[in-house]
Amino acid sequence: MTPQQPWPQQPDPNRTVRHRWPQPPPPPPEPPGTRRLEYTPDMFPDVQQYEAKPSRSAWWWVVLVGGLAVVVAAAAVAVILWSRGGQPEPRKPRSTSSGAAAHGAARVTDPAAHLSYPVPAGWTKAGDGLAQPYSSGLKRDGGIVMAFTQPGAPGAQASIEQLQAQARVVAEQQAHSLLPGTSTVQGVETKALQVGGRAAATASFTLAFQRQDPAYVRVVAVPTGDNTISYVIAALSPDGDVTRRAVDQIMDGVRPA
């Protein structure tokens, strides 16, 4: 401490004297709100400009989708052709003439009647010792087929109308002989045919009985000489769709021999 002296003190030249000068009061706070600043171009950085690509039209997409579809279709066709290339082609059945049996099927050849006809499944050839005038035949349960020749007929000189009438008469006569019993002929149909290039005729009808099922009868008449006509007649009892088709197959397969 500096000892107090009774006389006035002199300023000390080595002493630092600090003076407080009056300071202005701080400005009042601004009220809350938006403050507008002056715009200068340097406030925002430059944005890089990009050129927009032109939009693709709908036709472009149509072309693209169509091209893809063509490529897929071509690939599918190539796969199908490749798969078929390694497989043998299926054998097609040999075509036969109208009503004829399939190639290689058994046939009956009758030299006496100068005719031949097919043997369907389920039918067997008739044995020797047939009654006159029959020269060959087939049989099965409820069915019979016979071939024979009648001399003295108009033969090759007969008109198609005469052949049809002759076929009907002979069919009725033989039906009553092969299927005895009281019966009546119903639903007669006659038609002209071509058998091996020759004019021929066929007749068919239903034979109705009083005490048994009806039978189906059909005959084919073919001129085989100047004064002869050969016949193949079939009788089926009882009549049925399946068995009738077999009889029609035999009749439609008659050929000159």
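Residues numbered from 1 in each chain as written. Predicted model: local features only at pLDDT ≥ 70, side-chain atom pairs only at ≥ 80, totals over all residues. Heavy atoms only, no water.

All right, on to the sheet that holds strand 3 (residues 124–125) then. Sheets are built from strands paired through backbone hydrogen bonds, the pairs being either parallel or antiparallel. Judged by pairing direction, the sheet is antiparallel, and its seven strands sit side by side in the order 3-4-5-9-8-7-6 without closing on themselves. Edge strands, defined here as strands with exactly one partner in the open sheet, are strand 3 and strand 6 (183–195). Pairing between strand 5 (residues 143–151) and strand 9 (residues 228–236): nine bridges, direction antiparallel. Opposite isoleucine 144, over in strand 9, you have alanine 235 as the bridge partner. Each of strand 4 (134–140), strand 5, strand 6, strand 7 (198–209), strand 8 (215–223) and strand 9 is contacted by helix 2 (residues 160–178), which is oriented at about 35° to strand 7, the strand it contacts most. Where helix 3 (residues 241–252) meets the sheet, its contacts fall on strand 4, strand 5, strand 7, strand 8 and strand 9, and the angle it forms with strand 8 comes to roughly 5°. (Pairing = 2+ DSSP bridges. Helix = DSSP H or I, 4+ residues; strand = E, 2+ residues; numbered from the N terminus. Contact = heavy atoms within 4.5 Å. Axes fitted to C-alpha atoms, helices over the stretch in contact; angles between N-to-C directions.)

Right, let's get into helix 2. For helix 2, spanning 19 residues, the distance from its first C-alpha to its last is 26 Å, which sits close to the expected 27 Å at 1.5 Å a residue. When helix 2 is considered as a whole, its buried residues turn out to be Leu163, Gln164, Ala167, Val170, Ala171, Gln174 and Ala175. Seen end-on, helix 2 carries its buried residues on one side only, within an arc spanning 135°. Exposed side chains of helix 2 directed beyond 90 degrees from the buried face belong to Glu161 and Ser177. In this fold, the buried residues of helix 2 make contact with strand 4, strand 5, strand 6, strand 7, strand 8 and strand 9. (Expected span 1.5 Å × (residues − 1). Buried < 20%, exposed > 50% of the residue type's maximum accessible area, 1.4 Å probe, protein only. Arc of directions from axis to C-beta.)

A residue-level look at the chain finds 69% of positions with pLDDT of 70 or above and a mean pLDDT of 78. Element-level pLDDT for the chain is lowest in helix 1 (residues 58–85), with a mean of 74, against a maximum mean of 95 in strand 2 (residues 115–118). With pLDDT under 50 throughout, residues 92–103 is counted as low confidence; its partners more than four residues away or in other chains account for 15 contacts. (pLDDT = per-residue confidence, 0-100.)

Okay, the pairing of strand 2 next. Here strand 2 shows no split at all, with Leu115 and Tyr117 on one side and Ser116 and Pro118 on the other all buried. Two elements, strand 1 (residues 107–110) and strand 2, share four bridges in a ladder whose sense is antiparallel. Its bridge partner being in strand 2, valine 108 is matched across the sheet by tyrosine 117. In textbook terms, the turn of a hairpin is the stretch between consecutive antiparallel strands, and for strand 1 and strand 2 this stretch comprises four residues, one of which, histidine 114, has a positive phi near 55°. Pairing geometry for strand 2 and strand 10 (residues 255–256), over two bridges, is antiparallel. Paired with leucine 115 across the bridge in strand 10 is proline 256.

Taken as a whole and assessed by the stated rule, the structure comprises two aromatic pairs. With a centroid separation of 5.7 Å and 85° between ring planes, the pair formed by tyrosine 134 and phenylalanine 148 is classed as edge-to-face. Residue tyrosine 134 is found in strand 4, and its partner phenylalanine 148 is found in strand 5; the two are separated by 14 residues along the sequence. With respect to class, tyrosine 134 is no different from phenylalanine 148; both count as buried. Residues phenylalanine 148 and tyrosine 231 carry aromatic rings whose centres are separated by 5.2 Å and whose planes lie at 20° to one another, so their mutual orientation is stacked. (Phe/Tyr/Trp six-rings, centres within 6.5 Å; stacked < 30°, edge-to-face > 60°.)

Core analysis: the largest hydrophobic core is formed by 23 residues, its most contacted members being Leu207, Val217, Val219 and Tyr231. Discounting residues that sit within four places of it in the chain, valine 217 has contacts with Ala171, Ala175, Ala203, Ser204, Phe205, Leu207, Ile233, Ala234 and Ala235. By size, the runner-up hydrophobic cluster in this structure holds 21 residues, among which are Tyr117, Trp123, Val145 and Leu236. (Core = buried A, V, L, I, M, F, W, Y, C linked by side-chain atoms within 4.5 Å.)

Judged by pairing direction, the sheet is antiparallel, and its three strands sit side by side in the order 1-2-10 without closing on themselves. The open sheet has two edge strands, strand 1 and strand 10, and neither has a second partner.

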